Amino acid sequence: MKTLIEALHGIALPHQILEHEPMSRHTTFRVGGPADVMFLSDSPEQVAAALAAAKDAGVPAWVIGNGSNLLVRDGGLRGLVIALGEGMAAIARVEDTVTAWAGASLARVAAYAQASGLSGLEFASGIPGTLGGGCAMNAGAYGGQLSDVLVDARVLLDGAERTLTRDELQMGYRTSLPLREGGVVLSARFALTPDDPEAIAARMRELNARRREKQPLNYPSAGSTFKRPEGYFAGALIEQAGLKGRRVGGAQVSEKHAGFIVNTGDATAADILALIGTVQREVEARFGVRLETEVRILGED
């Protein structure tokens, strides 16, 4: 680890390098043990250099945005965590396209498009994640997903930077080539449709009102805990299995929306994982459907 830290000091300022950093500070679940080393990256070049340094040191590495779809176990993460800093949150418009860097929040990208009079990203205005992770998992909500409007993305794959078209990204339901192959999305470009800014804003307000009405936004969570099984809705299956409100320690199946597991205040990652397992077993026993987690689970117990 000393070799890695020395290499990081060669590419960044001291305040960008944190040792034994609690991951609970960097996930929306507000749980998770410490990362051995966290690097607050401010450019694509720093991301590439940090990943190369980790590889040279024989240390595993992960890249995160704001941790909105992430559950880190209580033992934390051995190795390097690269967090995308403010220097990677730029957004720009060229005619009817918007380009955003990986660290920009999806809500901010949607707001930028709205203010520019460009429609197509309204569905993303309430998604809590960042652009990089959102593209990697093809984030979506309320009938829309990023692949609907994506043109191409800059991706770091196998140590080389490439620009991949939407078809080359092989985006599916909550998946993509970068996600499957361990790549990092650095930026993405979206083709949008000119429209009246106030009409776009009205649609965004309607979607966000629906979100506030139906989702447990008052508790820490990672959004939808499970992927939608083919032919079903995860939340409906969980509710029909009588699991709404079920608790393990400080973790609870939301009483507002059964598709969410929330941290009621003092949950550990172990609580959340135990509750996920309970939900999976009971839903499968009753309906024969195996729920797959949408949340990314990392780290050691």
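Residues numbered from 1 in each chain as written. Predicted model: local features only at pLDDT ≥ 70, side-chain atom pairs only at ≥ 80, totals over all residues. Heavy atoms only, no water.

> Give a description of the overall build of the chain that names residues and reports values.
Secondary structure assignment for the chain yields 9 helices and 18 strands. For 301 residues, the compact-globule estimate of 2.2 N^0.38 gives 19 Å, and the C-alpha radius of gyration of the chain, at 19 Å, lies within 12% of that figure. Seen along its three principal axes, the alpha-carbon backbone of the chain occupies a region of about 55 × 50 × 30 Å. Taking all contacts inside the chain whose residues are at least 6 apart in sequence as the whole, residues at least 24 apart take part in 64%. Split by element, the accessible area of the chain, about 13,500 Å² in all, is 49% carbon and sulfur. Side chains of the chain give 30 positive and 35 negative charges; the mean places of these two sets differ by 5 Å. (Helix = DSSP H or I, 4+ residues; strand = E, 2+ residues; numbered from the N terminus. Rg over C-alpha atoms; globule rule 2.2 N^0.38 Å. Contact = heavy atoms within 4.5 Å. Areas by Shrake-Rupley, 256 points an atom, 1.4 Å probe, with all protein chains shown as cover. Lys, Arg positive; Asp, Glu negative; His and termini not counted. Charge placed at Lys NZ, Arg CZ, Asp CG, Glu CD.)

> Tell me what's going on with unusual backbone geometry, and back it up with residues and numbers.
Its identity is not glycine, yet Arg30 carries a phi of approximately 60 degrees, on the positive side. Here Arg30 is to be found in the loop between strand 1 (17–22) and strand 2 (34–41). The backbone of Gln170 shows a phi angle near 50 degrees, a positive value even though the residue is not glycine. For Gln170, the position within the fold is in the loop between helix 5 (166–169) and helix 6 (177–181). The exposure class of Gln170 is partly exposed, given its relative accessible area of 43%. (Buried < 20%, exposed > 50% of the residue type's maximum accessible area, 1.4 Å probe, protein only.)

> Please give an account of the pattern of salt bridges that cites residues and values.
For the structure shown, the criterion picks out 15 salt bridges. Measuring nitrogen to oxygen at the nearest pair gives 3.5 Å for the salt bridge that ties Glu239 to Lys244. Relative accessible area serves as the criterion here: at 43%, Glu239 is assigned to the partly exposed category. Across the pair Arg246 and Glu282 runs a salt bridge, and its minimum N-O distance is 3.0 Å. Taken as a pair, Arg246 in the loop between helix 8 (234–240) and strand 15 (247–248) and Glu282 in helix 9 (residues 269–287) lie far apart in primary sequence, 36 residues in all. Under the relative-accessibility criterion, Arg246 is labelled partly exposed at 30%. In this structure, a network of salt bridges that share partners links the residues Asp36, Arg78 and Glu300. (Salt bridge = Lys/Arg side-chain N within 4 Å of Asp/Glu carboxyl O.)

> Before we move on, can you summarise the sheet that holds strand 3 (residues 61–64) with the specific residues and values?
Taking strand neighbours across the sheet as the criterion, the 4 strands line up as 1-2-5-3 in an open arrangement whose pairing is mixed. In the strand order of this sheet, the two ends are held by strand 1 and strand 3, each with one partner. If you compare each strand with its neighbour and ignore which way they point, the axes differ by 35 degrees on average. With 4 bridges joining them, strand 3 and strand 5 (residues 77–84) adopt parallel strand pairing. By the bridge assignment, Val63 is partnered in strand 5 with Ile82. Where helix 2 (residues 44–57) meets the sheet, it contacts strand 2, strand 3 and strand 5, and its direction lies at approximately 170 degrees from that of strand 5. (Pairing = 2+ DSSP bridges. Axes fitted to C-alpha atoms, helices over the stretch in contact; angles between N-to-C directions.)

> Would you mind going over the pairing of strand 6 (residues 91–94) in detail, with residue names and values included?
Note that strand 6 and strand 7 (residues 97–101) share 4 bridges and pair antiparallel. The residue of strand 7 that forms the bridge with Arg93 is Val98. Between strand 6 and strand 7, which pair antiparallel and follow one another directly, the connecting turn spans 2 residues, one of which, Glu95, has a positive phi of 55 degrees.

> Explain helix 3 (residues 106–115) to me, using residue names and the numbers behind them.
Inspection of helix 3 places Leu106, Val109, Ala110, Ala113 and Gln114 among the buried residues, and these make up the whole buried set. Down the axis of helix 3, the smallest arc covering the buried residues is 140 degrees, so these residues share one side. Residue Gly117 follows helix 3 closely and has a positive phi angle near 70 degrees. (Arc of directions from axis to C-beta.)

> For the environment of Glu21, give the residues involved together with the corresponding values.
With respect to the helices, strands and loops of the structure, Glu21 is situated in strand 1. For Glu21, a relative accessible area of 9% gives the class buried. Dropping the residues within four chain positions of it, Glu21 is found in contact with His26, Gly33, Pro34, Ala35 and Met38.

> Could you give an account of the sheet that holds strand 15, with specific residues and numbers?
The antiparallel open sheet is built from 3 strands, whose spatial order is 15-16-17. In this open sheet, the two strands that pair with only one neighbour each are strand 15 and strand 17 (261–263). Bridging between strand 16 (residues 251–253) and strand 17 involves 3 bridges; their strand directions are antiparallel. Each residue of the ladder has a partner; that of Ala251, found in strand 17, is Asn263. Together, strand 15, strand 16 and strand 17 form the strand contacts of helix 9, whose direction differs from that of strand 16 by roughly 30 degrees.

> Give a description of the packing of helix 1 (residues 2–9) against helix 2 that names residues and reports values.
Orientation of helix 1 relative to helix 2, taken along the N-to-C sense of each, is 155 degrees, at an axis distance of 9 Å. Here helix 1 lies roughly antiparallel to helix 2, going by the angle between them. Along this stretch, helix 1 crosses helix 2, giving a crossing that reads as right-handed. Residues Leu4, Ala7 and Leu8 of helix 1 lie in contact with helix 2, whose contacting residues are Ala50, Ala53, Ala54 and Ala57. (Parallel < 35°, antiparallel > 145°, perpendicular 65-115°, else oblique. Left-handed = near helix turned anticlockwise from the far one by under 90°.)

What is shown is where atoms sit, not what they do.
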